[in-house]
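# Coordinate analysis (summary)
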Amino acid sequence: MNNPDSAEYAAPVFSEQDKQWMEYAFQLAAQGKELGEVPVGAVIVRDGKVLGEGFNQPITRHDPTAHAEIIALRQAAQQVQNYRLVGASIYVTLEPCTMCVGALVHARIARLVFGTTEPKAGAVVSKSQLLDNDYFNHRVSYAGGLMVRECQHQLSEFFAARREQKRQEKWERQSQVTPTSNGGDE
Ligand SMILES: [Zn+2]
């Protein structure tokens, strides 16, 4: 299920519009990356128009709920002056988490399209399959795997750079403490 190369992910057929909006979300994610945030972007679209957009920024905003999807949902709801976004689609570069899946249902989003999966905490196909539950009073259709390689690469590149930076910092800290002895008694 987590394997993006599996038939599961070859199955959905995406339209040209889908590709265009995922590219849009991908560019948003890149903006987050510039701020040192985990690069995830989301855009909400209805009738070919953007209602809301966002990228992940919990660090910058000091807000644990500031995921790309939540920021986009808030903006969209303000835009249409209605917390229900009936008939709208959301494009997000990464499989949503539990919080965001819940918010999509509350907002009555019609369709979710995501890029890559989130094996550790994804709540659509990876760790849990919340949207397959029938206890919600609204059904969000979903399809994953659009621009999967690009989205995956954007994230793995970010984490690799961050690991490298941490290694570098650790090395600098150690090299500050280790050396220098003046030979003893003073
Ligand atoms: Zn989330």
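See the structure above.
Residues numbered from 1 in each chain as written. Predicted model: local features only at pLDDT ≥ 70, side-chain atom pairs only at ≥ 80, totals over all residues.

## Let's talk about the environment of Ser89
Topologically, Ser89 is positioned in strand E3 (residues 89-94). Ignoring anything within four residues of it in the chain, the contact list for Ser89 reads Val45, Ala110, Arg111 and Val113. (Helix = DSSP H or I, 4+ residues; strand = E, 2+ residues; numbered from the N terminus. Contact = placed C-beta atoms within 7 Å.)

## Things to note about the sheet that holds E3
Across the sheet, which stays open at both edges, the five strands sit in the order E2-E1-E3-E4-E5 with mixed pairing between neighbours. In the strand order of this sheet, the two ends are held by strand E2 (49-55) and strand E5 (141-144), each with one partner. This sheet shows a mean twist of 15° between the axes of neighbouring strands, independent of strand direction. Relative to E3, strand E1 (residues 41-46) runs antiparallel, the two sharing four bridges. For Val43, the partnering residue across the bridge sits in E3 and is Tyr91. The strands touched by helix H4 (residues 68-80) within the sheet are E1, E2 and E3, with E2 carrying the most contacts at an inclination of about 145°. (Pairing = 2+ DSSP bridges. Axes fitted to C-alpha atoms, helices over the stretch in contact; angles between N-to-C directions.)

## Section: the pairing of strand E4 (residues 111-116)
Among the six residues in E4, five count as buried, and that is most of the element. Bridge count for E3 against E4 is five bridges, and the pairing is parallel. Bridged to Ser89 within E4 is Arg111. Following the backbone out of E3, through helix H5 (residues 98-106) and into the adjacent parallel E4, one traces a crossover that is right-handed. Pairing of E4 with E5, which is carried by four bridges, proceeds in the parallel orientation. Its bridge partner being in E5, Leu112 is matched across the sheet by Tyr142. (Buried ≥ 20, exposed ≤ 12 C-beta atoms within 10 Å, placed from the backbone. Right-handed = clockwise from strand over helix to strand, strands pointing away.)

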